[in-house]
Amino acid sequence: MRLTGAFLRALLVALTIVTPALLLPDTAADTAQVVVLLALIAGAFVFIEYYSRYPSIIEFRFAPPFNRLRFYAVFLTVLLLTVHRAGEALDTPVADLFSAFGRLLSGLLDFPYSPVRLVLLALPEGTPPAMMAEVRDAASIAYLVALGLLLCFAWLVKIKGWPGRQGAFNVWLNLPLFDPTGGGDVLARLKRDSSINIVLGFLLPFLTPAAFKLVVLVIGPVSITSPQTLIWVMTAWAIVPANLVMRGIALHRIAVMIEEKRRRTYEESKAEEQFQAA
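Residues numbered from 1 in each chain as written. Predicted model: local features only at pLDDT ≥ 70, side-chain atom pairs only at ≥ 80, totals over all residues. Heavy atoms only, no water.

A. Focus on the overall build of the protein chain. On a plain count of helices and strands, the protein chain comes out with 10 helices and zero strands. Traced from its N-terminal end to its C-terminal end, the protein chain shows the element sequence α-α-α-α-α-α-α-α-α-α. Referenced to the eigenvectors of the C-alpha coordinate spread, the extents of the protein chain come out at roughly 85 × 45 × 40 Å. Summed over its atoms, the accessible surface of the protein chain is roughly 15,900 Å², and 68% of this surface lies on carbon and sulfur atoms. Averaging the positions of the 24 positive and the 20 negative side-chain charges in the protein chain gives two centres separated by 7 Å. (Helix = DSSP H or I, 4+ residues; strand = E, 2+ residues; numbered from the N terminus. Areas by Shrake-Rupley, 256 points an atom, 1.4 Å probe, with all protein chains shown as cover. Lys, Arg positive; Asp, Glu negative; His and termini not counted. Charge placed at Lys NZ, Arg CZ, Asp CG, Glu CD.)

B. Representation of the packing of aromatic side chains. Counting across every chain of the model gives 10 aromatic pairs. When the ring of F60 is compared with that of F66, the centres are 4.4 Å apart and the planes differ by 40 degrees; the resulting orientation is tilted. Summarising the burial analysis for this pair, F60 and F66 share the class buried. Geometrically, the ring pair formed by F66 and F153 is edge-to-face, given 5.3 Å between the ring centres and 80 degrees between the ring planes. (Phe/Tyr/Trp six-rings, centres within 6.5 Å; stacked < 30°, edge-to-face > 60°. Buried < 20%, exposed > 50% of the residue type's maximum accessible area, 1.4 Å probe, protein only.)

C. The packing of helix α3 (residues 66-85) against helix α7 (residues 129-158), seen in detail. Taken N-terminus to C-terminus, the directions of α3 and α7 make an angle of 160 degrees; their axes are 10 Å apart at the nearest point. In this view, α3 runs roughly antiparallel relative to α7, as classed from their interaxial angle. In this structure, α3 meets α7 at a crossing whose hand is right-handed. Across the interface between the two elements, F66, L69, R70, A73, L76, T77, L80, L81, H84 and R85 from α3 touch E134, D137, A138, I141, A142, V145, L149, C152, F153 and L156 from α7. Classifying every residue of the contact of α3 with α7 gives 14 nonpolar, two polar and four charged. (Axes fitted to C-alpha atoms, helices over the stretch in contact; angles between N-to-C directions. Parallel < 35°, antiparallel > 145°, perpendicular 65-115°, else oblique. Left-handed = near helix turned anticlockwise from the far one by under 90°. Contact = heavy atoms within 4.5 Å. Nonpolar A, V, L, I, M, F, W, Y, C, P; charged D, E, K, R; others polar.)

D. Up close: the pattern of salt bridges. For the structure on display, the rule yields five salt bridges. A salt bridge links K191 to E259; the shortest N-O distance between them is 3.5 Å. Of this pair, K191 sits in helix α9 (residues 186-219) while E259 sits in helix α10 (residues 227-277), and the two are 68 residues apart along the sequence. With a relative accessible area of 31%, K191 lands in the partly exposed category. The exposure class of E259 is partly exposed, given its relative accessible area of 34%. (Salt bridge = Lys/Arg side-chain N within 4 Å of Asp/Glu carboxyl O.)

E. A look at the nonpolar core. F60, W162 and M234 are the most contacted members of the largest nonpolar core, which has 52 residues in total. Of all the elements in the fold, those that place two or more residues in this core are α3, α5 (93-109), α6 (115-121), α7, α9 and α10. Considering every element that reaches this core, the biggest residue donor is α7, with 14 residues. Discounting chain neighbours no more than four positions away, the residues touching F60 are F66, N67, W162, F169, N174, L175, A250, L251 and I254. Counting residues in hydrophobic clusters, the runner-up holds 11 residues, among them A14, I17, V18 and V46. (Core = buried A, V, L, I, M, F, W, Y, C linked by side-chain atoms within 4.5 Å.)

F. Broad picture of the side chain of T77. Secondary-structure assignment places T77 in helix α3. Apart from the residues lying within four places of it in its own chain, the contact partners of T77 are A142, V145, T235 and I239.

G. Structural context of the environment of K158. Relative to the assigned elements, K158 resides in helix α7. Residue K158 is classed as exposed on the basis of its relative accessible area of 71%. It is 20 Å that separates the C-alpha atoms of K158 and F202, two residues lying 44 residues apart in sequence.

H. Quick look at the packing of helix α1 (residues 2-23) against helix α2 (residues 29-51). For the pair α1 and α2, interaxial distance at closest approach is 8 Å and the crossing angle is 155 degrees. Relative to α2, α1 is oriented roughly antiparallel. Seen along the crossing, α1 lies across α2 with a hand that is right-handed. For the pair formed by α1 and α2, the contact residues are R2, L3, A6, F7, R9, A10, V13, A14, I17, V18 and A21 on the first element and V35, V36, L38, A39, A42, G43, V46, F47, Y50 and Y51 on the second.

I. Molecular detail of unusual backbone geometry. With omega at 5 degrees, the peptide bond leading from P64 into P65 counts as cis. By the secondary structure assignment, P65 is in the loop between α2 and α3. A cis amide bond links W162 to the next residue, P163, at an omega of -10 degrees. The backbone of F60 sits at a positive phi, close to 55 degrees, despite the residue not being glycine. Structurally, F60 can be placed in the loop between α2 and α3.

J. Region of interest: the environment of P128. Assignment of secondary structure puts P128 in the loop between α6 and α7. Separated by 63 residues in sequence, P128 and P65 have C-alpha atoms that sit 42 Å apart.

Geometric descriptors of this kind do not, in isolation, establish any biological role.
Given below as structure tokens:
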């Protein structure tokens, strides 16, 4: 069972990586080979990680659907951006629908000081209007998927009580990179890491375009006109900050659970002492 699950997860991750190369027209042979190699490497890593009894890097492996939501968000973003970018070549009603959807979102999310507007301002001077429109649509679609991801996870935590209703939460198994014996109170460290992740996740969509603009000023123009480059850059720009916010919310939830357990243990211990004293 563990072998089948690990294989399916690896296959889905590899499929996500090769999706732009499969659907976009005029993909160069060299580019396709590099993409296949990256897909094999990523698939092998996921297979090893999920086939192993104990995780080494991937967090919240035993607290579904945390990682499933993250994968769904990445896959949906890549698929939507790919179909939107290849709409004319695919020439299907679904592709036309996604293209119209992207144009609608670009009008809704492109307002002053919005992350989408900052992405457009970071583009080099002289960028063709057609390319500006492509970047605006791609940024709008990716940012909307990221917002949907955060809303879904917040609903799971607030309404469904994630991960409390799934039994005992093992910190060591679900947070392999977190060392409980690293010094200081675990509760304080979890809350600190939670705040850092949430703040950084909210700021990154605004800071990344500024950092890109600075890089352009220092090393010269950086092109993102390649369709695959645009898809992956926009996916990372939107989903990575959303993942940080998700992780921050998850860490805060775990800290709350530990705090509640400590309080119950203290109250039970105090009640037992009073009973023995009586």
